[in-house]
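Descriptive structure summary
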Amino acid sequence: MTRRLLFGNEAFCEGAIAAGVRFYAGYPITPATEIAETMSRRMPEVGGVYVQMEDELGAACAVMGASATGVKSVCASSGPGMALIQNEIGQAIAAECPMVIINVQRAGPGIGNATRSGQMEFMQARYGTNGEAPMVAIAPATVDEAFWLTVKAVNFSEMLRTPVIVLGEGLLGLQRAVVDLPDYDTVSKVDRPRPTVAPEDWRGNYTANELDDIPPMADFGSPYKGLVSTVGLFPRGGGDSTVQGLDQNDQDFTVRRLHQKILARREEITLFEQHHTDDADVVYVAFGTQALSALRAMGEARAQGIRAGVLRLITVWPFPEDVVQAACANARAVIVPEMNLGQCQLMVRHALAGTGIRVSGINHVDSNFITPAEILAKTKEELQ
Amino acid sequence: MTTTTQRPPAPQSQRRKQIATPMDEMVAKFADVPQGKSFRYCPGCGLGMAQSAIMRAFDRLQLDPAKIATAGGSGCYSPMAHYFKSSHIHGSHGRACAYATGMKLANPELTVLTLQGDGDCLSIGGNHFIHAARRNIDITVICFNNFGFGDTGGQFGPTTPKGSVTETSNAGMPEAAFDACKLAIGAGATFVARSTVAHPAHLTKMVSDAITHTGFSFVEVLQHCHVFWGKRNGMPLPMDMLNFFKKNAVRSTDTPEEDWFDIPTYAVDDKNVKFVLGVLHKEERNEFGSDYAALRTRAMASAQGRPADGH
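What counts, and where the lines are drawn
- Each chain carries its own residue numbering, running from 1 in the written order of its sequence.
- Following the order in which they are written, the chains are lettered starting with A and the ligands numbered starting with 1.
- For a predicted model such as this one, the threshold for reporting local features is a pLDDT of at least 70, and the threshold for listing and counting side-chain atom pairs is 80 or more; totals across whole chains, interfaces and linings nevertheless cover every residue.
- Only heavy atoms go into the side-chain values, all of them from the structure, while hydrogens and water stay out.
- Numbering goes from the N terminus for both helices and strands, where a helix is a DSSP run of H or I of at least four residues and a strand is a run of E of at least two.
- This radius of gyration counts C-alpha atoms alone. The globule rule is 2.2 Å times how many residues there are, raised to the power 0.38.
- Burial classification: accessible surface area is computed with a 1.4 Å probe over protein chains only, and a residue below 20% of its type maximum counts as buried, one above 50% as exposed, and the rest as partly exposed.
- Contacts between residues were defined by any pair of non-hydrogen atoms, one from each residue, lying within 4.5 Å.
- We get accessible surface area from the Shrake-Rupley algorithm with a probe of 1.4 Å; when it comes to residues, only the shown protein chains can shield them.
- Charge counting follows a simple rule: Lys and Arg are positive, Asp and Glu are negative, and His as well as the terminal groups are ignored.
- In plain terms, the charge of a residue is placed at NZ if it is Lys, CZ if Arg, CG if Asp and CD if Glu.
- Any cysteine sulfur atom paired with another within 2.5 Å is treated as part of a disulfide.
- Definition of a polar contact: a pair of N or O atoms within 3.5 Å, with one able to donate and the other able to accept a hydrogen when the atoms are protein atoms, and with sequence-neighbouring residues admitted only if both atoms are side-chain atoms.
- The span one expects for a helix is its residue count, reduced by one, times 1.5 Å.
- Fitting one axis to the seven residues ending at a residue and another to the seven starting there, the bend at that residue is the angle between the two axes.
- Only strands that DSSP links by at least two bridges are regarded as paired with each other.
- To define axes, lines are fitted to C-alpha atoms, for helices over the stretch in contact only, and angles between the resulting N-to-C directions are given on a 0 to 180 degree scale.
- Side-chain rings of Phe, Tyr and Trp, where Trp is taken by its six-membered ring, are said to pair if the distance between their centres is within 6.5 Å; with planes under 30 degrees apart they count as stacked, over 60 as edge-to-face, and otherwise as tilted.
- By definition here, charges over rings are those cases where NZ of Lys or CZ of Arg is within 6 Å of the ring centre and within 35 degrees of the ring normal.
- Only one rule defines a salt bridge in this text: a Lys or Arg side-chain nitrogen within 4 Å of an Asp or Glu carboxyl oxygen.
- Handedness is read with the strands pointing away from the viewer; a crossover is right-handed when the path from the first strand over the helix to the second is clockwise.

1. Observations concerning the overall build of chain B
- For chain B, the count of helices and strands is eleven helices and eight strands.
- A globule of 311 residues ought to have a C-alpha radius of gyration of about 19 Å, and chain B, at 20 Å, matches this closely.
- Principal axes of the C-alpha set define a box for chain B whose edges measure 70 × 45 × 45 Å.
- Across the 311 residues of chain B, 56% fall into the buried class.
- If you take every contact in chain B between residues at least 6 apart in sequence, the share linking residues at least 24 apart comes to 71%.
- A total of about 13,000 Å² of accessible surface is found on chain B, and carbon and sulfur atoms cover 54% of it.
- For chain B, the distance from the average site of its 31 positive side-chain charges to the average site of its 28 negative ones is 3 Å.

In C-alpha cells form, the structure reads like this:
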C-alpha cells in the first residue's frame, strides 16, 4: 500500500492501471485533460500505449480497436467531447466490445463552462446514443472512489462485454485528496469471456442462445476469427447477419438481449450506500459529489431531531428503482440534490410513482456546490 | 501528353510463377464464403474482383489469416471483410483508420488493413485518414473508389468527377473532387499507389507491395459502379466501365513523373481523363509504432524498481 496525494483525474488513471488497462487513447479537453497527461506518462511505464488521437471520436474508435485485440482500454472526455463519443458508445454496445469511458462532467450545454463542474450528463449517460442501447454508469463521489470505481468499471465492462461510463465531475477530477493505493497485483481483475472451444468449432463472437447470455469474445490475432461488428443484430445461436441477412426475430432477440444480459446481473453491479434510511422521515437521494453534502445535512438534521437518511446511488445506470423504493419506503419526503435541473429526480419520481411520497429537488446549474444548509432548509419546508 | 507503350506479354515461365496457390486452396485458407448465400454485391460489381486481388496478395505474402486484422465501416464494400477468415471490426462509418490505429498499437504482430470506400475514407473519415498517414503507422488503407456513394443509392462524394450526374447532382456535380493519392501524399503516407479492378494482376501487386511496406500505405482502387455512377454518365454496363478504366489507364512507369498529377484522374469526360496506375510515392520514414515501442522501453526501464503505482 502506498499513501499518495492525487488529483481525482490521476486517481481515475491509477484505478484503470490497477484494473489492468494497458491502452489509452485521448484528446485534450478541460476538465479531463489531466487524465490524458497522466496516461501519457503512465501507460508506457506499465508497458501500455498512450495515443493522442485527432478527436474524441477517433480516441473512442482507437480504444475499441485496442479492446478488440484483447487489451483493456479506456478513454476520457467531457462536455462536447462526450457528445462526439456517444456515437462510438453506441457502436461498442452493439458490437459488445468492452471499454471504459470516463466523463469528467463540465457545466452547461454546447461548449458550456469548461472550467466549472456539473452533473448535467446523468441522462445523456443512459440515453445519449441511438437505438435503444443499454448503459452501465457509475458515479464516484470522492477521489478514493475515483480509483476504486474505475477498477469496478473496468471489471463490469469485461464481465458484461459492454462499455461502462464512469460519471465523474470537474469538481472531482480537479480535487486533490490523500488516497491509499493498494498493491496493484492484489486488486481483483475480471477478464472478458474468451473462446473455450477448438478453433475449428468456433462460431464467432455472437453465439448467444438465451436472452441473458454473454457470449465469448476472441482476441484479434488469436487462432479464432474475431469479428467485432457494430451492425449489432445477430441471429440467435451465432452467425453473421451481414452475410446471412437478418430477420425481425433476430433484431428483437439482439436488442432485448443487450439489455437483459445487464439486467440479469443487476444485483452484482448495483452499488449503493444507505445511511439511516430505516426510520427516516426524509431521505436524500444523491449521487456523485453532491452526496457528500447530503451526508453532512443528514448529520445536522439528526442533531436537530429530524430523522433524515441518505441513499447514495453509485451505480446510477441501470437505474436502481428497487433500491430507491426500498430505501424510501418509510419516508414522508424525498429530496434529490443534484447539479442539474432534476434529471435524477425524474427517475426517483418514476420509481416512487403511486406511493404518495413527496419528491422534490434542490437544483444548481451555476456550478456552486449544494450546501448542507440548503438541504436542511429544504427538509424543514418539506416536512411541515 | 505522354504516349503509352504496349508491354510485351510476359514469357510463359514467368506467368506460371504468378499462380502461387491453386484457387481452391487459397479460398479455403483465406475466405469465409457463405454457404448457400449470395455475395452482397450488385451483379457485375467490381468489389468481387478487388476482393479476389486482396486474397491473392495475402496468399502471395504467405500471411497467416489469424494474424490479419481489418477494419471497415459503412459502404458497398462493407460485407467484404466478412468473407475473409481474418478478424475484422465492422465499425461506424468512416472510422476504420482510428480502429486500425488502436489495433496495430495494441498488437503490433497483426497485419492491419482498412477496407474503405471513397466516401468512408475521404469524406466522413477524412480526418482519421490524414492523421493516420501523418503518424506513419504501419497500416494499409485500401480505398475502393467508385466515384460516389453507392450503398445509399448513388449520391456524389468527394471523388465524384466534376460535372457528373448523380442523385444529388442532377445538373452535374458542382464541386471539385479530391485526388485521393495526392491527399495521401500530402498527409504523409509513405507508400501511395493506384490501381483499378480492370487490372487485377497489377492490383494484386500494389496491395502486396503496400502490405510489405513498413509505414502508412495507401492503395486507391478504382472500382466501377455501373449501377449508379455508370448508368447516369453514359456507361450503364460493367464492361463499359472496365473498358473506360482500361482505355484511359497509363502505367506510372510509362509516364514521366511530372505528369502523374497533372492529368485529371477523375473526369466524366472520357477524352480528358487518365488514370495513372502504379506506385506514385514511396519513402522511408520512422514508423510510429516502432518509435513508440522504443519510447516505452525507455519509460519501463526508468520506472523499474518503483512501486506499481509509479510513485
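2. Re the state of the cysteines
Residue and element names in this part refer to chain B.
- For the coordinates displayed, the defined rule picks out zero disulfides over all chains.
- Looking at the unpaired Cys181, the closest cysteine sulfur is the one in Cys143, lying at 8.8 Å.
- With no disulfide of its own, Cys225 lies 6.1 Å from the sulfur of Cys76, the closest cysteine sulfur.

3. Let's talk about the side chain of B:Ser164
- Tracing the sequence through the fold places B:Ser164 in the loop between β4 (140–145) and α7 (180–187).
- Reaching out from B:Ser164, the side chain makes a polar contact with the side chain of B:Trp229 at a distance of 3.2 Å.

4. Some thoughts on unusual backbone geometry
Residue and element names in this part refer to chain A.
- Residue Pro31 follows Thr30 across a cis peptide bond; omega there is -5°.
- You can see Pro31 is positioned in the loop between β2 (23–26) and α2 (33–45).
- The omega angle of the peptide bond from Trp317 to Pro318 is 0°, so this bond is cis rather than trans.
- In this fold, Pro318 is placed in the loop between β14 (315–317) and α12 (321–327).
- Even without being glycine, His276 reaches a positive phi, approximately 55°.
- With respect to the secondary-structure elements, His276 resides in the loop between β11 (272–275) and β12 (282–287).
- You can call His276 partly exposed: its relative accessible area is 47%.

5. A short note on helix α4 (residues 79–95) of chain A
All names here are of chain A.
- Taking 1.5 Å per residue as the helical rise, α4 with its 17 residues ought to reach 24 Å, and the 24 Å between its terminal C-alpha atoms agrees with that figure.
- At Ile85, α4 is deflected by roughly 35°, the largest bend along its length.
- Within α4, 13 of the 17 residues are buried, leaving the element largely enclosed by the surrounding structure.
- Looking one or two residues past α4, Glu96 carries a phi angle of roughly 55°, positive in sign.

6. Concerning the sheet that holds strand β16 (residues 358–363) of chain A
Residue and element names in this part refer to chain A.
- The strand order across the open sheet formed by five strands is β11-β13-β12-β15-β16, and the pairing between neighbours is mixed. Because the sheet does not close on itself, it has two edges, and the strands there are β11 and β16. Each strand axis lies, on average, 20° off the axis of its neighbour in the sheet, ignoring direction.

7. Comments concerning the packing of aromatic side chains
- What the rule picks out here adds up to 26 aromatic pairs over all chains.
- On the basis of an interplanar angle of 35° and a centroid distance of 6.0 Å, the ring pair of A:Phe147 and A:Tyr184 is categorised as tilted. You can see A:Phe147 sitting in helix α6 (residues 143–160) and its partner A:Tyr184 sitting in the loop between β9 (176–181) and β10 (227–229), a full 37 residues away along the chain.
- Classification of A:Phe147 as buried rests on a relative accessible area of 0%.
- Between the aromatic rings of B:Phe147 and B:Phe245, the centroid separation amounts to 6.4 Å while the plane-to-plane angle is 70°, which identifies the pairing as edge-to-face. Linking B:Phe147 in the loop between β4 and α7 with B:Phe245 in helix α10 (residues 238–248), this pair joins segments that are 98 residues apart in sequence.
- Here a set of aromatic residues connected by ring pairs shows up, and it is made of B:Phe147, B:Trp229, B:Phe244, B:Phe245, B:Tyr266 and B:Phe275.
- Geometry around A:Tyr206 places A:Arg161 over its ring, the cationic atom sitting 5.3 Å from the centre.
- A:Arg176 extends its terminal NZ or CZ atom over the ring of A:Phe7, reaching a point 4.3 Å from the ring centre.

8. What about the pattern of salt bridges?
- For the coordinates displayed, the defined rule picks out 27 salt bridges over all chains.
- Linking B:Arg135 and A:Glu54 is a salt bridge whose minimum nitrogen-to-oxygen distance equals 2.7 Å. Highlighted residues: B:Arg135 in helix α6 (residues 126–135) and A:Glu54 in the loop between β3 (49–52) and α3 (56–68), drawn from two different chains. Residues B:Arg135 and A:Glu54 agree in their burial class; the two are buried.
- Salt-bridge contacts for A:Asp281 lead to A:Arg307; the nearest nitrogen and oxygen are separated by 3.5 Å. Of this pair, A:Asp281 sits in the loop between β11 and β12 while A:Arg307 sits in the loop between α11 (290–303) and β13 (308–313), placing them 26 residues apart in sequence.
- Overall, A:Asp281 belongs to the buried group, its relative accessible area being 16%.
- What you see here is one network of salt bridges that share partners, running through A:Glu14, A:Arg41, A:Arg42 and A:Glu45.

9. Describing the pairing of strand β8 (residues 163–169) of chain A
All names here are of chain A.
- Across the seven residues that make up β8, a large majority, seven, are buried.
- Pairing of strand β5 (residues 99–107) with β8, which is carried by seven bridges, proceeds in the parallel orientation. What sits directly across from Gln105, in β8, is Glu169.
- Judged from the three bridges that link them, strand β7 (residues 136–138) and β8 form a sheet pairing that is parallel. Bridge assignment links Ile138 to a residue of β8, and that residue is Val166.
- Crossover handedness for the path β7 to α6 to β8: right-handed.

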